[in-house]
Amino acid sequence: MRIRSSEHRVLVADRVEANENEPRRPQPDVVLAPEDARLSRYARAAYDPDDPVARMARSLRLSIAASTRADAMPVRSVAILGVGAPFEASVVAANLAISYAQAATPTVLVDANLGSPAQHALLGLPQTAGLAAVLAGDDDARSLVEPSAVRNLSVLVAGRSGPDAAVLLDGERFHRRAMPLLDSYGMMVVDVGMTHNDPPTLCEAVDAAILIVRRGSTPVEAIRHVADRLGEMRTALVGTLLAT
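Each chain carries its own residue numbering, running from 1 in the direction its sequence is written. Thresholds applied to this predicted model are a pLDDT of at least 70 for local features of residues and 80 or more for the giving and counting of side-chain atom pairs; totals over whole chains, interfaces and linings are not thresholded and use all residues. Derived side-chain values reflect all non-hydrogen atoms in the structure, with water molecules and hydrogen atoms excluded from consideration.

Participant: Could you give me a rundown of the overall build of the chain, with the residues and numbers involved?
Facilitator: A tally of helices and strands in the chain yields 8 helices and 9 strands. Contacts were defined at the residue level, with two residues in contact if any of their heavy atoms lie within 4.5 Å. Relative to all contacts within the chain whose residues are 6 or more apart in sequence, the contacts with residues 24 or more apart total 78%. Here the chain displays about 10900 Å² of accessible surface, and carbon together with sulfur accounts for 48% of that area. In this description a helix means any DSSP run of H or I spanning at least four residues, a strand means any run of E spanning at least two, and both kinds are numbered starting from the N terminus. The protein chains shown are the only cover counted for residues, whose accessible areas, like all others here, come from Shrake-Rupley with a 1.4 Å probe.

Below, the structure written as structure tokens:
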């Protein structure tokens, strides 16, 4: 999988364009050993700070840091939406969250892709009760967050959801039941996935969003539609990444 950002001029493939403003690489003591197989091979930032995906994640972190909310406060929550690219969005969300954690920011990664969750597999965690139970009002979010193998990174897995999954992804419900996690963490990364081309209203609750699209298969009209909907929700769009 290759991911390129036309916004930030970063190519994730066999090479990465130089970026003099790239945030500092993580120290060796926060990088997992190659033989540590607790995480998926797609969680590349956890193992190799020079991997193109790791460098892309650090570049994204810089772009998010340069963004502000409408009230001029810093962005502390970001949604990753895959417009026709749900798995790629999950991979970006995992690596971005790892990058924040490696920068010594206590980070929580929330899997809101209830229809096709991936973060439990990417971060090597069991798919137990998670966000679905939190949004349904059955559990408190803080009681279900699990630490990962990456220092400073905790995960709220999607959990098991029923046919009402779309109803659960409501902005007011997410704000009331999931956003209090920011009382304990410095940053929240939300994997929205989004199999369909209409972002859930939970995006109203987060500060900013990043779109992941597929070259040659994601229609431009779909990208514009999602961007317009985010604008209506007053959710800042940080940028768009192209997966090929």
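Participant: Could you give an account of the environment of Ala136, with specific residues and numbers?
Facilitator: In this structure, Ala136 sits in the loop between helix 4 (131-135) and helix 5 (141-144). The rule is simple: take the accessible area with a 1.4 Å probe, protein chains only, and divide by the maximum for that residue type; under 20% is buried, over 50% is exposed, in between is partly exposed. A residue is classified by how much of its surface remains accessible, and Ala136, at 37% relative accessible area, is partly exposed. Distance from Ala136 to Arg173, taken between C-alpha atoms, is 8.7 Å for residues 37 residues apart in sequence. When neighbours within four sequence positions are excluded, Ala136 is seen to be in contact with Leu168, Arg173 and Arg177.

Participant: Mind laying out the pattern of salt bridges, listing which residues take part and the relevant values?
Facilitator: By definition, a salt bridge exists where a carboxyl oxygen of Asp or Glu is found within 4 Å of a side-chain nitrogen of Lys or Arg. In the structure shown here, the tally under the stated rule is 8 salt bridges. Salt-bridge contacts for Glu172 lead to Arg176; the nearest nitrogen and oxygen are separated by 2.8 Å. Of this pair, Glu172 and Arg176 are both found in helix 7 (residues 171-177), 4 residues apart, which corresponds to roughly one turn of the helix. Taking the shortest distance from any N to any O, the salt bridge between Glu232 and Arg229 comes out at 2.7 Å.

Participant: Account for the pairing of strand 3 (residues 77-83), with residues named and values stated.
Facilitator: Burial analysis of strand 3 places 7 of its 7 residues in the buried class, which makes it a mostly covered element. A two-sided burial pattern is seen for strand 3, the buried positions comprising Ser77, Ala79, Leu81 and Val83 on one face and Val78, Ile80 and Gly82 on the other. Pairing geometry for strand 3 and strand 7 (residues 187-193), over 5 bridges, is parallel. Looking across to strand 7, one finds that Leu81 is bridged to Gly193. In this description, strands pair whenever DSSP reports at least two bridges between them. Both strand 3 and strand 8 (residues 208-214) contribute to a ladder of 6 bridges, which runs parallel. Across the sheet, the residue bridging to Val83 is Val213, located in strand 8.

Participant: Run through helix 2 (residues 86-102), naming residues and quoting values.
Facilitator: Expected span of a helix: the number of residues minus one, times 1.5 Å. In this model, helix 2 (17 residues) spans 24 Å end to end at C-alpha, consistent with the 24 Å of a helix rising 1.5 Å per residue. Summarising burial for helix 2: 15 of the 17 residues are buried, a large majority. Phi for Ala104, located one or two positions after helix 2, is positive at around 70°.

Participant: Would you mind going over the pairing of strand 6 (residues 153-156) in detail, with residue names and values included?
Facilitator: When a strand is regular, its side chains alternate between the sheet's two faces. Burial of strand 6 is two-sided: the residues Leu153 and Val155 facing one way and the residues Ser154 and Leu156 facing the other way are all buried. Pairing of strand 4 (residues 107-111) with strand 6 involves 4 bridges; the strand directions are parallel. Within the sheet, the bridge partner assigned to Leu109 lies in strand 6 and is Val155. Sheet topology note: the strand 5 (residues 146-147)/strand 6 ladder contains 2 bridges and is antiparallel. Within the sheet, the bridge partner assigned to Pro147 lies in strand 6 and is Ser154. Counting the residues in the hairpin turn of strand 5 and strand 6 gives 5 residues, including Asn152, whose phi is positive at 75°.

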